[in-house]
Each structure stands twice: as structure tokens, then as C-alpha cells.
Amino acid sequence: MTFAYLCVNILCRSAPQLYSHSAVTSWRLVAFRCKAFGDRTGAFFRTRAYSNNSETKKSSYLTMLSYSSQGKLVRNGQEKKLVICVEGNIASGKTTCLEYFSKTSNIEVLTEPVSKWRNVRGHNPLGLMYQDPARWGITLQTYVQLTMLDRHLSTISAPVRMMERSIYSAKYIFVENLYRSGKMPEVDFAVLSEWFEWITQNITIPVDLIVYLQTSPQTCLERLKVRCREEEKVIPLEYLEVVHQLYEDWLIKKTSFHIPAPVLVISADDDMQKMLHQYEENREKIIACHSSYFVI
Ligand SMILES: Nc1ncnc2c1ncn2[C@@H]1O[C@H](COP(=O)(O)OP(=O)(O)O)[C@@H](O)[C@H]1O
Ligand SMILES: Nc1ccn([C@H]2C[C@H](O)[C@@H](COP(=O)(O)O)O2)c(=O)n1
């Protein structure tokens, strides 16, 4: 069985539910791998990649993806862009922070694809996971991993991208939590871990800075209640405490997992007004290498 044959099965199922640009990217990725592997089926994928979107016909897929000197797939032309991942507990204020910086020209923001997690072809894996984590944890986290990878690989159009969370926190915080709490069966954890390791070993996930919004779990609970997302009404303080501890071990104590970029910690328990002030004070640190581009 060829690499192309394997991939066409996966892509035929997943591509329609992704945005069209990412489906094209996926086809291109297969096309490139087919070429790299000397697989004749690659011609079919090349045709498919070009015919999906008229804009993409202008450029060759070969200019989009290539192998780095470390043998990883990388997106070409994105090296000079700055990628900042905003991390933090549930309802810590990540989206609000991104909204604030979105007012700055030359920064593009990408929020977490929560709407997809709440509605994939009429199903709600986020809601299902909160109702029965042992049964649906793998379903949600597989989809989170796919959609976060899609976010990381999407073309960056501004000099700076700020995105909410990352494929890393999905694994190191949420999958880890499900597994450690005994709510994810060992086999599910093993399969997710294999996927994660394959992705991070074979594809370059660009991250230049992590901004960690550090909050108390109690603050998050209060904000969560105000936001009032239906699926999250079952979240107790203890859940937020465990997520908090996982974040602290990862980004503050640095005792758990690999940290893919330097970390800037921002205390985020303050009210909205003070937080916006703090973001302003930290602006230079966050976008230091590109500060000359920015106008609010
Ligand atoms: N500093 C703050 N003080 C009070 N409420 C806040 C603050 N920041 C955000 N919120 C509110 O808390 C809720 C969660 O914030 P949000 O930005 O959606 O968090 P996240 O994206 O981290 O889940 C929202 O209702 C938001 O308006
Ligand atoms: N890998 C993940 C990522 C997020 N979630 C949950 C946690 C929240 O209920 C929701 C969105 O998070 P927020 O942006 O509000 O912090 O998705 C998860 O279960 N697994």
C-alpha cells in the first residue's frame, strides 16, 4: 500500500470539514510527499491541489512545503513571521487578550476553533466530552489535535500572528489531564501520543513566544460563570485547579514537558481595565522584534 493510498482515505474523510485553504494544503502535502517518495499517484494529487482553488493555481505547491535540513516538513516563506501563542486556563482571558491585540495593524489573531469542537457535522464533541470523558475524550482530543494543526499550518498573512493555545497545550494539559485522572483509557492515550509525536517530529510547528496568562483557578471559575457556555456548566473548581497545576508545572516550574519557545508570564487576575493596561505595558516584550511595524 502506498503512502498516497493511505492518505487519500484520511483526506477524503477529513478535508470537507476543514476550511477550503487547509484542505488544499492537505492535498498539497500529499502531493509533495508522493513526489518525495517517487510515487506516481502524486500526479493525481497535484491536479487535485491545483483545481481546488483558483488562487492557488498561481503558485506551485512546491513553493509551499519543503523539507528542512532536519528532514521536517516546513511551510516556505513564513520564516520571518512572528508566532505568539497565548496560553492559560479555561476562561483566563485569552480571547479577550487576542481581541485587544487584534486592533493593532499588522497583527493577525487566530482564536481556538471552539465552534468546530461544538459542531462537527451536527455533533458536539466538546459537550459529549464533558458529559462522559472516558467515552468521548479521545473523540474531542483527536479533533482538537487536527484543528490545532490546521491553525498552525495556515498561511500567515501579517508580520505577526497571535494565536490562542497550541497543539502543545492540547496534549500536555488537556490530554494529560484526561489520562492522569483515569478518564482516558491507556489505549486512547497511546494512540493520541503516537499521532502527536509523529506530527511534532515530522512537521515544523512555528512558535516564537508563549504568553502565559497566569490566573487563580477561582478567577477562572468566576469568569467561566459569566461567560456561561452551556457545555462548561459542569466544570467544578477542582477541574480548573488541576488544569492550573499542569500549566504551572509546564511553563513556570518547567518540570513536565518540552517548552517550544520562551515564556512571558502575565498576571491575569486583575479586572478588565487593569488587564488592558498590562497588555499595553507588555506590548514591546510581546512583539519586540517587529515593534517598528505597529500602529494601534
Ligand atoms: N480581566 C477580566 N476581568 C473580568 N472579566 C474578564 C476579564 N477578562 C476576560 N473576562 C471575561 O471572562 C470571560 C472569559 O474570558 P475569555 O477571554 O473568553 O477567556 P478564554 O478565552 O481564556 O477562555 C468572558 O466573559 C470575558 O468577557
Ligand atoms: N485540548 C483542549 C482544549 C480545550 N478544551 C476545552 C476547554 C474549554 O471548555 C474549551 C475552550 O477553552 P477556553 O478557550 O475557553 O479556555 O475547550 C479541551 O477540553 N481540550
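For the structure itself, consult the block above.
Remember, it's a predicted structure, so these values are computed and weren't measured experimentally.

Draft legend 1. Quick look at the site of ligand 1. Around ligand 1 sit 14 residues, and of these Lys94, Thr95, Thr96, Arg227 and Asp270 come closest. Interatomic distance of 3.2 Å between a backbone N/O atom of Ser92 and an oxygen atom of ligand 1. When the free accessible area of ligand 1 is taken as 550 Å², the share hidden by the protein chains comes to 80%. At the level of elements, helix H5 (94-101), helix H11 (217-227) and helix H13 (272-286) are the ones that each hand at least two residues to the shell around ligand 1. Looking at the shell around ligand 1, its residues break down into three nonpolar, five polar and six charged.

Draft legend 2. Geometry of unusual backbone geometry. Here Arg165, not a glycine, exhibits a phi torsion of approximately 55°, which is positive. Overall, Arg165 belongs to the buried group, its relative accessible area being 6%. Although it is not a glycine, Cys228 adopts a positive phi angle of roughly 60°. If you trace the backbone, Cys228 turns up in the loop between H11 and helix H12 (237-252).

Draft legend 3. Structural detail: the site of ligand 2. Around ligand 2 there are 20 residues in total, and Lys94, Glu112, Tyr130, Arg165 and Glu232 lie nearest to it. In the environment of ligand 2, an oxygen atom lies 2.9 Å from a nitrogen or oxygen atom belonging to the side chain of Arg165. Contact distances for ligand 2 include 2.5 Å between an oxygen atom and a side-chain N or O atom of Glu232. In isolation ligand 2 exposes 450 Å². Once the protein is present, 99% of that is buried. Elements that contribute at least two residues to the shell around ligand 2 include exactly helix H6 (114-118), helix H7 (125-131), helix H8 (133-153) and helix H9 (167-180). Taken together, the residues of the shell around ligand 2 break down into eleven nonpolar, two polar and seven charged.

Draft legend 4. Region of the structure containing the sheet that holds strand E6 (residues 209-214). On the basis of which strands lie adjacent, the open sheet formed by five strands has the order E4-E5-E3-E6-E7 and parallel pairing. Across the chains shown, the open sheet's two edge strands, defined by having one partner strand only, are strand E4 (107-110) and strand E7 (263-267). Geometrically, the sheet is characterised by an average inter-axis angle of 20° between neighbouring strands, direction not taken into account. Pairing of strand E3 (residues 82-88) with E6, which is carried by five bridges, proceeds in the parallel orientation. Note on E6: the bridge partner recorded for Cys85 is Ile210.

How each quantity is defined
- Residues numbered from 1 in each chain as written.
- Chains lettered and ligands numbered in written order.
- Predicted model: local features only at pLDDT ≥ 70, side-chain atom pairs only at ≥ 80, totals over all residues.
- Heavy atoms only, no water.
- Near = heavy atom within 4 Å.
- Polar contact = N/O pair within 3.5 Å; in protein donor to acceptor, adjacent residues only side chain to side chain.
- Areas by Shrake-Rupley, 256 points an atom, 1.4 Å probe, with all protein chains shown as cover.
- Helix = DSSP H or I, 4+ residues; strand = E, 2+ residues; numbered from the N terminus.
- Nonpolar A, V, L, I, M, F, W, Y, C, P; charged D, E, K, R; others polar.
- Buried < 20%, exposed > 50% of the residue type's maximum accessible area, 1.4 Å probe, protein only.
- Pairing = 2+ DSSP bridges.
- Axes fitted to C-alpha atoms, helices over the stretch in contact; angles between N-to-C directions.

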